[in-house]
Amino acid sequence: MNGFLILDKPEGLTSAQCVYKLRSKLGIKKIGHCGTLDPLATGLLPICIGEATKFSNFASDQDKVYEVGIEFGIETDSGDITGNIISKANFIGFTEDFYQVLIDLEGIQNQIPPMYSAIKINGNPLYYWARKGVYLHRMPRKVDIQKIELIDKSNKAAILQISCSKGTYIRSLVEKLGRNLNSTATVISLRRLKVGEMCLNQSYSFKDSHQSLIDKVLPCDAMLTNLDKVRIKSEDAKKVRNGLSIYYNAELKNKGLVRIYTEKKLFLGIGELSNKKLQPKRLLSTN
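Figured I'd write up the structure that's included with this text. Since this is a predicted model, take the numbers as computed values, not measurements.

## Describing the overall build of the protein chain
Part 1 of the reasoning: Counting its regular elements, the protein chain contains seven helices and 18 strands.
Part 2 of the reasoning: Overall size of the protein chain, expressed as C-alpha extent along the three principal axes, is 70 × 45 × 40 Å.
Part 3 of the reasoning: Relative to its full complement of 287 residues, the protein chain shows a buried share of 47%.
Part 4 of the reasoning: Of the contacts formed within the protein chain by residues at least 6 apart in sequence, a portion of 67% connects residues at least 24 apart.

## Overview of the sheet that holds strand β14 (residues 228-232)
Part 1 of the reasoning: Across the sheet, which stays open at both edges, the five strands sit in the order β14-β16-β17-β18-β15 with mixed pairing between neighbours. Of all the strands in the sheet, the pair left with one neighbour each is β14 and β15 (246-247).
Part 2 of the reasoning: The sheet contact formed by β15 and strand β18 (residues 277-283) spans two bridges and is antiparallel. When the bridges of β18 are listed, Y247 appears paired with K277.
Part 3 of the reasoning: Contacting β14, β15, β16 (256-262), β17 (267-274) and β18, helix α7 (residues 234-241) runs over the sheet at an angle of about 115° to β14.

## Description of the nonpolar core
Part 1 of the reasoning: Membership of the largest hydrophobic core comes to 42 residues, with the highest contact counts inside it found for L22, I47, V68, F72, I162 and L177.
Part 2 of the reasoning: Leaving out residues up to four positions away in the same chain, I47 has contacts with G3, F4, L5, L7, V19, L22, I31, G32 and H33.
Part 3 of the reasoning: By size, the runner-up hydrophobic cluster in this structure holds 19 residues, among which are C48, A52, A59 and I270.

## Considerations on the packing of aromatic side chains
Part 1 of the reasoning: Considering all chains together, one arrives at ten aromatic pairs under this definition.
Part 2 of the reasoning: Centroid distance F72 to F91: 4.4 Å. Interplanar angle 10°. Geometry classified as stacked. Within this pair, whereas F72 is found in strand β4 (residues 64-72), its partner F91 is found in the loop between β6 (85-88) and α3 (96-104), the two being separated by 19 residues in sequence. The same class applies to F72 as to F91, namely buried.
Part 3 of the reasoning: Look at Y128 and W129: their rings are 5.0 Å apart centre to centre, the planes differ by 80°, and that puts the pair in the edge-to-face class.
Part 4 of the reasoning: Ring pairs connect the aromatic residues F72, F91, F94, F98 and Y99, which therefore count as one cluster.
Part 5 of the reasoning: Over the face of the ring belonging to F206 we find K21, whose NZ or CZ atom lies 4.9 Å from the ring centre.
Part 6 of the reasoning: Over the aromatic face of Y261 sits the side chain of K229, whose NZ or CZ is 5.0 Å from the ring centroid.

## Description of α7
Part 1 of the reasoning: Of the positions making up α7, those classed as buried are D236, A237 and V240. All buried residues of α7 project into a common sector of 105° when viewed along the axis, lining one side.
Part 2 of the reasoning: Close packing links the buried residues of α7 with β14, β15, β16, β17 and β18.
Part 3 of the reasoning: Positioned one or two residues after α7, G243 has a phi angle of 85°, which is positive.

Reading the values: rules and limits
- Residues numbered from 1 in each chain as written.
- Predicted model: local features only at pLDDT ≥ 70, side-chain atom pairs only at ≥ 80, totals over all residues.
- Heavy atoms only, no water.
- Helix = DSSP H or I, 4+ residues; strand = E, 2+ residues; numbered from the N terminus.
- Buried < 20%, exposed > 50% of the residue type's maximum accessible area, 1.4 Å probe, protein only.
- Contact = heavy atoms within 4.5 Å.
- Pairing = 2+ DSSP bridges.
- Axes fitted to C-alpha atoms, helices over the stretch in contact; angles between N-to-C directions.
- Core = buried A, V, L, I, M, F, W, Y, C linked by side-chain atoms within 4.5 Å.
- Phe/Tyr/Trp six-rings, centres within 6.5 Å; stacked < 30°, edge-to-face > 60°.
- Lys NZ or Arg CZ within 6 Å of the ring centre and 35° of its normal.
- Arc of directions from axis to C-beta.

Written as structure tokens, this is what we have:
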């Protein structure tokens, strides 16, 4: 079995635990996840199975859409409601300033990753150091907050829908929102709705049947639609399969990484297009 599975991750499980459950259900060891969701978070977790694991990095390298529940007036050490409260502040409510602050948060910006994250420093993830009370310097990362929409609000809580680039930490964004309102804020719920073109209406839940699990495995190119497509002749396909670059002169919208197909629309893998040369990068096994 090879392909991608769109899992609707339940609350309370780590992404790794979800992978272990799927390995047990399918009897397949070669399974991984594309990107990570915290135990608190639910929603779309792309799973790669078999040969699709070759494309996990490319699949996770896409824009995301989240729905986040926020409580204003408190801040925790973890950035979400599972942590210890470290600060409290007044929240003046949903005034005109609130809507302007949401607009001001949109756009390209530098974001410092939270200590409670999986980024590794000195051989261990940041959350390992945070739990020991050690707070390390983190380099800022450039992210793009494309759109923030207010979905619902009540008293000191709100639900936002956030469209953003890969690598965005919603907890850090929520904390920044609280500070920009001269208050504090923390995440009380988080649900990922979309990764690239993949949506939850294609997802599998652990409550579904085993047959549903089998039926919902998507092809190995299903999560690569953000890449341009090239189609090559059979003689060129043989060269590509052997790791050789070929001449390719067709016009494409973008240069760089592309999906490679045969004339019969068979997906071969991913290549890189540069200076009219197509170089294979990650290919499906022909065995």
